[in-house]
Amino acid sequence: MVKKKRLRLIAEMARKIRAYRELKNRPRDSQRYALDYDTMTRPFTGKKLPVLAWKDVQRETPLFTLLAGMRMFGVGRFFTRKSWLEEHTEPCYWKITKVKVDYTAENMDHGKVWGILTFKGKEESSEQEVDKVMYHDWRLVPKHEEDAFKSFEPVPEPPVRHVCYPPLLRAMILAQQAKQLGVDANSLPEPTLPLRRDVLLSREYFRSQEEKRKQEGTPV
């Protein structure tokens with residue numbers, strides 16, 4: 001006879017209470033990213049910003065500082081970054097679609113933003129969360145310059161080059177294909193390797209894997 005599992009209601013309730021308290025005591029972004037501009041240190045962690053970033057931090061503004069002074073928090077407007085303007089000739093910008101403001105923060109200069117990213121002239125198909133909103137290099141694209149900023153004629157991509165496999169690997173591939181097709185290896189076309197790099201492991205891939213581990217309860 002199978003022993004009936006005993007329900008531990010009090011232990012389960014205590015676990016939920018501990019998880020709720022940890023969630024409530026979790027520091028907000030306004031606490032984590034607060035910055036003392038006199039000493040260039042973050043009061044929450046006590047860490048000092050890199051010396052090379054001090055001038056930019058004193059001059060530039062993070063994204064929410066720009067959004068807080070705009071109508072509807074800048075939904076529908078275009079924002080780019082100083083580093084993108086310096087590094088890329090193609091248009092790189094975010095089109096803001098949704099803003100979640102942390103109203104407990106002073107001047108409402110913290111929160112989360114979602115938008116559609118256009119990087120090097122290629123627009124993403126789906127909405128995603130804007131990263132690095134607390135960086136001090138954001139720029140607002142003026143309304144009268146949006147059309148000129150978006151205009152871009154993509155350069156046709158060059159054809160993919162192919163090279164021969166190393167001799168041993170070439171012989172293994174030909175032998176495997178000949179075995180599968182049941183033909184002579186000399187009658188098969190020469191296998192070639194395309195010189196193209198397909199990046200499959202993006203930031204969204206690692207984020208989805210981390211969320212999947214959290215749901216399954218496995219350690220990261």
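Being a predicted model, the structure only gives us computed values, none of them experimental. (Residues numbered from 1 in each chain as written. Predicted model: local features only at pLDDT ≥ 70, side-chain atom pairs only at ≥ 80, totals over all residues. Heavy atoms only, no water.)

S.K.: So what's going on with the overall build of the chain? Which residues, and what values?
M.R.: On a plain count of helices and strands, the chain comes out with eight helices and eight strands. Rg of the C-alpha trace for the chain: 27 Å, well past the compact-globule value of 17 Å for 220 residues, more than 25% over. C-alpha atoms of the chain, sized along the principal axes, occupy 75 × 75 × 35 Å. Out of the 220 residues belonging to the chain, those deemed buried represent 24%. Here the chain displays about 17600 Å² of accessible surface, and carbon together with sulfur accounts for 54% of that area. Placing the 42 positive and 31 negative side-chain charges of the chain at their respective mean positions leaves the two points 10 Å apart. (Helix = DSSP H or I, 4+ residues; strand = E, 2+ residues; numbered from the N terminus. Rg over C-alpha atoms; globule rule 2.2 N^0.38 Å. Buried < 20%, exposed > 50% of the residue type's maximum accessible area, 1.4 Å probe, protein only. Areas by Shrake-Rupley, 256 points an atom, 1.4 Å probe, with all protein chains shown as cover. Lys, Arg positive; Asp, Glu negative; His and termini not counted. Charge placed at Lys NZ, Arg CZ, Asp CG, Glu CD.)

S.K.: Give a description of the pattern of salt bridges that names residues and reports values.
M.R.: Where charged atoms of side chains with opposite charge meet at close range, the side chains can pair. Under the defined criterion, the tally for this structure stands at nine salt bridges. Notably, a salt bridge pairs Arg 15 with Glu 12, separated by 2.7 Å at the nearest N-O pair. Residue Arg 15 and its partner Glu 12 are located together in helix H1 (residues 9-24), separated by three residues, close to a single helical turn. Arg 15 sits in the partly exposed class, given a relative accessible area of 43%. When its relative accessible area of 34% is taken as the criterion, Glu 12 is described as partly exposed. Among the ionic contacts, a cluster of salt bridges with common partners joins Asp 56, Arg 59, Glu 60, Lys 82 and Arg 139. (Salt bridge = Lys/Arg side-chain N within 4 Å of Asp/Glu carboxyl O.)

S.K.: Quick one: what's the story with the side chain of His 136, residue by residue and with numbers?
M.R.: As for its placement among the helices and strands, His 136 is situated in the loop between strand E5 (128-129) and strand E6 (138-140). A distance of 3.3 Å separates the side chain of His 136 from the side chain of Tyr 37, its partner in a polar contact. Of note is the side chain of His 136, whose polar atom sits 3.4 Å from the backbone oxygen of Met 134. If we ignore the near neighbours within four places in the chain, the residues touching His 136 are Leu 35, Tyr 37, Asp 56, Val 57, Glu 60, Thr 61 and Pro 62. (Polar contact = N/O pair within 3.5 Å; in protein donor to acceptor, adjacent residues only side chain to side chain. Contact = heavy atoms within 4.5 Å.)

S.K.: Explain a nonpolar patch on the surface to me, and be specific about the residues and the numbers.
M.R.: Together, Leu 168, Leu 169 and Met 172 line one region of the surface with nonpolar side chains, adding up to about 320 Å² of accessible area. Tracing the sequence through the fold places Met 172 in helix H7 (residues 167-181). (Patch = residues over 30% accessible without salt bridge, like charges linked within 9 Å, V, L, I, M, F, W, Y side chains within 5 Å.)

S.K.: An account of H7 is requested, with residue identities and associated values reported.
M.R.: Helix length check: H7, at 15 residues, gives a terminal C-alpha distance of 21 Å against a target of 21 Å (1.5 Å per residue), a fit within 8%. By the burial criterion, the buried members of H7 are Ile 173, Leu 174 and Ala 178. Angularly, the buried residues of H7 cover 130 degrees about the axis, an arc narrow enough to put them on a single face. Opposite the buried face of H7, at more than 90 degrees from it, the exposed residues are Leu 168, Met 172, Lys 179 and Gln 180. Just downstream of H7 lies Gly 182, where phi reads positive at about 70 degrees. (Expected span 1.5 Å × (residues − 1). Arc of directions from axis to C-beta.)

S.K.: Lay out the packing of aromatic side chains with the relevant residues and their values.
M.R.: Counted according to the given criterion, the structure contains four aromatic pairs. With centroids separated by 5.8 Å and ring planes inclined at 65 degrees, the aromatic side chains of Tyr 93 and Phe 149 adopt a geometry described as edge-to-face. Of this pair, Tyr 93 sits in strand E2 (residues 93-101) while Phe 149 sits in helix H6 (residues 146-150); the two residues are 56 residues apart in sequence, bridging distant segments of the chain. Note on Tyr 93: relative accessible area 8%, which makes it buried. A network of ring pairs unites the aromatic residues Phe 78, Tyr 93 and Phe 149 as a single cluster. Taking the ring centre of Trp 138 as reference, the NZ or CZ of Arg 81 above it sits at 5.6 Å. (Phe/Tyr/Trp six-rings, centres within 6.5 Å; stacked < 30°, edge-to-face > 60°. Lys NZ or Arg CZ within 6 Å of the ring centre and 35° of its normal.)

S.K.: Please give an account of the pairing of strand E3 (residues 111-119) that cites residues and values.
M.R.: Pairing between E2 and E3: eight bridges, direction antiparallel. Within E3, the position partnered with Lys 95 by the bridge is Ile 116. Note: E3 against E5, two bridges, orientation antiparallel. Residue Gly 115 lies in a different strand from E5, and its bridge partner there is Gln 128. For E3 and strand E4 (residues 122-123), the ladder comprises two bridges, and the chain directions are antiparallel. Among the inter-strand pairings, Phe 119 is bridged to a residue of E4, identified as Lys 122. Counting the residues that bridge the hairpin from E3 to E4 gives two residues, and of these Lys 120 lies at a positive phi of roughly 55 degrees. (Pairing = 2+ DSSP bridges.)

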